[in-house]
Amino acid sequence: MAIEGRTARECFDGFERELKTFIPKVLTAVPFKIFVRDSEGDLKFPQGDDAISVPVETKLGTLYLYLRQQLSAEWIEEKNQYRLTTKRYWYCLYKNQNSQELIRWEYLKRDREINNSACRNHVHIHGGGAFSLESNQELPISRLHLPTGWVTMEEILRFLIVDLGFSPLCGDEWPQILGASEARFYRDFGAKQRGKA
Amino acid sequence: MEQELENESSAIVEVSKAQVEALGERLARKLLDVSWEEALRKYSTGELQGSLAEIEISSIVHLLNGH
C-alpha cells in the first residue's frame, strides 16, 4: 500500500508523519518542511528563501548534509484517490556550507526533460580521482553518473553513522528507529523496492 | 516566503502560485544574477547541471508546473 489519500494534502500529511519518526530523532532538530502547491511538494530544510544543509559532526570534522525531494500527489483514476510519488531527490554531503559537494546521490524520474538519458538513480563522487586508461585518457570520477538503487534518507543516515562516525541524537536506538522507518517505506512505496520507481 | 500559510505544529507549508513565482525571481537574481526567464533558459539547456542553482530552479518549476 502506498501513501494515498482522498486529497493531495492527505498524502503530504502522511509523508510528514513518516518523516517525523526519524529525522528529528536521529539527525537534527532543524525544521524539515514540505512546501506544497496544489499536488506538488518540495521537501527541504528551509531558511528564508534558501534550502540549507545541516551540520553533522563526523570523524572527518563538521560536514554538511543537504536533503531535498520533489514530490507529487498523483491522481489514480482506478483507485479514485491520490498517491504520493517522489519525482526527484538530491542528497548531498558538503565539506563546507554552500561549497561544492563531496558526494551527491540523485534520482530523476524518467518523465523529466533534463539529463533524461543518464542512470535515473546515481551518485556523483567528487574530490579527485579518475579512471586512467592506457591511451593516457582520463575519465574524472566526478563526471560519472555511477548507478545506484533507490537511496532512502534512512540509508544516508546509516552511512553517516556507520562510515563517518556521526552520533545520532537518539543514541543507541538508531538501528530500531531507522529499521522501522525503512520497513514502513518499503511497505508504503513497494514499487521502489521492485525497481519500478 | 514571508506570507506562508503555516501551521506551527505542521511541517507542511502551503504556498500560492504567486509566492512561488516571486521566490523564483528572487532565487534567479540571488544565485545567478539573471531574470527568471534567463534562469529558466539556462536550466532548460542543461547549463546549470550539477549546481545548487539547478536544484532551486528545478524545484520552482516543479511547484509551478509539476515538472
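Residues numbered from 1 in each chain as written. Chains lettered and ligands numbered in written order. Predicted model: local features only at pLDDT ≥ 70, side-chain atom pairs only at ≥ 80, totals over all residues.

Visitor: Before we move on, can you summarise the overall build of chain A with the specific residues and values?
Guide: Scanning chain A from N- to C-terminus turns up five helices and 13 strands. For 197 residues, the compact-globule estimate of 2.2 N^0.38 gives 16 Å, and the C-alpha radius of gyration of chain A, at 18 Å, lies within 12% of that figure. For chain A, the spread of C-alpha atoms along the three principal axes comes to 60 × 40 × 35 Å. The burial tally for chain A puts 32% of its 197 residues in the buried class. (Helix = DSSP H or I, 4+ residues; strand = E, 2+ residues; numbered from the N terminus. Rg over C-alpha atoms; globule rule 2.2 N^0.38 Å. Buried ≥ 20, exposed ≤ 12 C-beta atoms within 10 Å, placed from the backbone.)

Visitor: Which residues make up the pairing of strand β2 (residues 33–37) of chain A, and what values do they have?
Guide: For β2(A), the buried fraction is high: four of the five residues fall into the buried class. As paired strands, β2(A) and strand β3 (residues 40–44) of chain A are joined by five bridges and run antiparallel to one another. Following the sheet pairing, A:I34 is matched in β3(A) by A:L43. Counting the residues between successive antiparallel strands, the hairpin from β2(A) to β3(A) contains two residues, one of them, A:D38, with a positive phi of roughly 55°. With three bridges joining them, β2(A) and strand β2 (residues 12–14) of chain B adopt parallel strand pairing. Residue pairing in the sheet places A:F35 in a bridge with B:V13 of β2(B). (Pairing = 2+ DSSP bridges.)

Visitor: Residue-level account of unusual backbone geometry, with values.
Guide: A positive phi angle is found at A:N80, which is not glycine, with a value near 55°. For A:N80, the location among the structural elements is in the loop between β7 (61–76) and β8 (81–94). We classify A:N80 as exposed; it has 8 C-beta atoms within 10 Å. Despite not being glycine, B:D33 shows a phi value in the positive range, around 55°. Relative to the helices and strands, B:D33 resides in the loop between α1 (17–32) and α2 (36–44). Accessibility expressed as a C-beta count within 10 Å gives 9 for B:D33, which makes it exposed.

Visitor: So, the confidence of the model for chain B: which residues are in play, and what are the values?
Guide: Residue and element names in this part refer to chain B. A residue-level look at chain B finds 85% of positions with pLDDT of 70 or above and a mean pLDDT of 87. When pLDDT is averaged over each helix and strand of chain B, the minimum, 42, is found for strand β1 (residues 5–6) and the maximum, 97, for α1. Confidence over residues 1–7 falls short of pLDDT 50; this stretch has eight contacts with residues more than four positions distant or in other chains. (pLDDT = per-residue confidence, 0-100. Contact = placed C-beta atoms within 7 Å.)

Visitor: I'd like a rundown of helix α3 (residues 153–162) of chain A, residues and numbers included.
Guide: Residue and element names in this part refer to chain A. What α3 keeps buried is the set M153, E154, L157 and L160. For α3, the buried positions fall inside an angular range of 120° around the axis, keeping them on one side. Those residues of α3 hidden inside the fold are in contact with α2 (23–27), β6 (54–58), β7, β8 and α4 (174–188). (Arc of directions from axis to C-beta.)

Visitor: Explain the interface of chain B and chain A to me, using residue names and the numbers behind them.
Guide: Contact with chain B, which involves 20 residues of that partner, is made by 24 residues of chain A. Sorting the residues of the side of chain B that touches chain A by element identifies β2, α1 and α3 (52–65) of chain B as the ones contributing at least two each.

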